[in-house]
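Report on the structure
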Amino acid sequence: MSRILEVKELTGAIKGVLEGNFPFVWVQGEVSNLSRPASGHIYFSLKDEQASIAAVWFKGSQQQGDSFDPLTGEVYEDGPKPSLAESLENGQEVVCAGRITVYPPRGNYQLLVELMQEAGKGRLQLEFELLRAELAKKGYFDEGRKRPLPAQPRRVAVVTSPSGAAIHDFLRIAQGRGLGAEIRIHPVLVQGDDAPPQIAAAIRRACSEGWAEVVVLIRGGGSLEDLWAFNTKPVVEAIFESSLPVLSGVGHEVDFTLSDYVADKRAATPSHAAQMLWVERRELVQLVDELEQGLGALLEHRLNRAESALGGLERVLGLLSPAGRLERSAVELDNLVGRFSRTLPQRLAKAEGAFDSVWHRLLGGLPQGLEARSHRLDILAERLSGLNPELPLQRGYAFVKRSDGSILRSSAEAMAGEMLALHLVDGQVPVVVSEMIKTQKK
């Protein structure tokens, strides 16, 4: 180094190295030199047979009457317990969690305590953390390997103690949910040295039977020691190797075991496990109602579409059928007759005009001896005009046609109920014969 350091510079450099390399540590040792000043902070040393380190536990980090253990997650069933800060004394073996820092005014390093636990429980927690890190490294907790739970399972294998409160809570909740299911209980110990091999064997047996759709692992709450069977390798490996999805509902909501981490799904409590497997029956009833309404709407939509398609087919069939063709031909014939009736007077008048023109031209160029013949032609022309069938119609008369197109000439030819058409000068009027009335000839 090319220059002389000031004390604060050297202390600052040491502080940066220590705090950077030890951001969070677990340290176990015996409490000594315990001091409780009026500020409420606790100063002490942690020591073993060969070394000692200064430590400070500030008042703001001390647990005050917690209802659960902040290290293990154990819920205190008999209510909040006094903080260890109140009972801490010299000679007590503890495990502290915190960070290393440097106190510049004195130039010494110390442990800044965030959490503290008695040494016995601390060893279990340390073992838990080490095993969790090992299993995580092997991929036991990878989300990609986890499977979904079956929807509304009908066959469920439950691994638990048959006499515990957990199975009663699970069965009570299951009664009001789902569509009905068979539950096969695999009785095991859930606490003690014999519990891990029994639990592991029950999981493997449930898988080998080929009966269940899912395996449920449940147990009530307790301390870290009570739940320790679910933090052991035999149980964790049996869950990891299970051919069936595994639902773990061990302890209370704040309790976490390695079984929870490796299982396909975790339930907060045994009751919650039942809720995760089956929905409430009233929700299923509502779902059925919604499906029924949807089915009715779909059926009505399809019927409307079918009715529309049928109507189209009927129209096409009507156009293609002989009766339809005859009806269209009759309409076309009526249209032609109507057009002819409307244009015939115009054509006759035009022909008469042309005839008169030619006639006058002929008269102008012929001898007077032809006047008699001309007069004769006038008479014939007048008779021809009188034969025009439209002339009577213009005077208010009509002629009657039958449905086959023939003209009705006598009332004797008509039949009751027959459809006739009255042809007038400007169109047709359909009539139905109700009765025939004969008139007396005078």
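In this report, we go over the structure that sits alongside the text. Predicted model, so just to flag it, every value in this text is computed and none were measured.

Now for the sheet that holds strand 3 (residues 52–57). Strand order in the closed barrel formed by five strands is 1-2-3-5-4, with mixed pairing between adjacent strands. Neighbour to neighbour, the strand axes of the sheet diverge by 55 degrees on average, direction disregarded. As judged from the six bridges shared by strand 2 (residues 42–47) and strand 3, these two strands associate in the antiparallel manner. When the sheet's bridge partners are listed, Lys47 is paired in strand 3 with Ser52.

To continue, consider the nonpolar core. Formed by 36 residues in total, the largest nonpolar core has its most connected members in Val159, Ile199, Leu217 and Ile239. For this core, the elements supplying multiple residues, two or more each, are helix 3 (119–137), strand 6 (155–160), helix 5 (195–209), strand 8 (214–219), helix 6 (233–240), strand 9 (246–250) and helix 7 (258–262). The leading source of residues in this core is helix 5, at seven residues. Residues in contact with Ile199, not counting those within four places in the same chain, are Val159, Val188, Leu189, Val190, Leu217, Ala229, Phe230 and Val235.

So, on to helix 5. Its 15 residues give helix 5 an end-to-end C-alpha distance of 21 Å, which sits within 8% of 21 Å, the value for a rise of 1.5 Å per residue. All buried positions along helix 5 are accounted for by Ala195, Pro196, Ile199, Ala200, Ala202, Ile203, Ala206 and Cys207. Looking down the long axis of helix 5, one finds its buried residues gathered within 160 degrees of arc, a one-sided arrangement. In this fold, the buried residues of helix 5 make contact with strand 6, strand 7 (182–187), strand 8 and helix 6.

Spatially, the five strands line up as an open sheet ordered 7-6-8-9-10, and their pairing is parallel. One side of each edge strand has no neighbouring strand; the edge strands of this open sheet are strand 7 and strand 10 (265–266). Taken together, the six bridges between strand 6 and strand 7 define a ladder with parallel strand orientation. Across the sheet, the residue bridging to Arg155 is Glu182, located in strand 7. Where helix 5 meets the sheet, it contacts strand 6, strand 7 and strand 8, and its direction lies at approximately 145 degrees from that of strand 7.

What follows deals with the environment of Ser223. Considering the arrangement of structural elements, one finds Ser223 in the loop between strand 8 and helix 6. With 28 residues separating them along the chain, Ser223 and Gly251 place their C-alpha atoms 9.0 Å apart.

Pairing analysis gives three bridges linking strand 11 (residues 399–401) to strand 12 (residues 419–424), with the strands arranged antiparallel. For Phe399, the partnering residue across the bridge sits in strand 12 and is His423. As consecutive antiparallel partners, strand 12 and strand 13 (residues 427–432) are separated by two residues.

Quick look at the side chain of Ser45 now. Tracing the backbone through its elements, the reader meets Ser45 in strand 2. Side chain to side chain, Ser45 and Asn33 meet in a polar contact 3.5 Å long. Sequence-distant contacts of Ser45, that is, excluding residues within four places in its chain, are made with Glu30, Val31, Ser32, Asn33, Ser52, Ile53, Ala54 and Ala55.

This part takes up the packing of aromatic side chains. Following the criterion strictly, the structure yields five aromatic pairs and no others. Measuring from ring centre to ring centre gives 4.0 Å for Tyr140 and Phe240, while their planes differ by 10 degrees; the resulting arrangement is stacked. Placement of the pair is Tyr140 in the loop between helix 3 and strand 6 and Phe240 in helix 6, with a sequence separation of 100 residues. Judged by relative accessible area, Tyr140 falls into the buried class, the value being 10%. On the basis of relative accessibility, which here comes to 28%, the residue Phe240 falls in the partly exposed class. When the ring of Phe141 is compared with that of Tyr261, the centres are 5.6 Å apart and the planes differ by 45 degrees; the resulting orientation is tilted. Taken together, the residues Phe141 in the loop between helix 3 and strand 6 and Tyr261 in helix 7 connect sequence positions 120 residues apart. Residue Phe141 is classed as buried on the basis of its relative accessible area of 14%. Pairwise contacts between aromatic rings join Phe141, Phe256 and Tyr261 into one cluster. For the cation-ring pair, Arg184 lies above Trp211, with the distance from its terminal atom to the ring centre recorded as 4.0 Å. One residue, Arg266, lies across the ring of Phe256, its end atom 3.9 Å from the ring centre.

Reading guide: rules and limits
Residues numbered from 1 in each chain as written. Predicted model: local features only at pLDDT ≥ 70, side-chain atom pairs only at ≥ 80, totals over all residues. Heavy atoms only, no water. Pairing = 2+ DSSP bridges. Helix = DSSP H or I, 4+ residues; strand = E, 2+ residues; numbered from the N terminus. Axes fitted to C-alpha atoms, helices over the stretch in contact; angles between N-to-C directions. Core = buried A, V, L, I, M, F, W, Y, C linked by side-chain atoms within 4.5 Å. Buried < 20%, exposed > 50% of the residue type's maximum accessible area, 1.4 Å probe, protein only. Contact = heavy atoms within 4.5 Å. Expected span 1.5 Å × (residues − 1). Arc of directions from axis to C-beta. Polar contact = N/O pair within 3.5 Å; in protein donor to acceptor, adjacent residues only side chain to side chain. Phe/Tyr/Trp six-rings, centres within 6.5 Å; stacked < 30°, edge-to-face > 60°. Lys NZ or Arg CZ within 6 Å of the ring centre and 35° of its normal.

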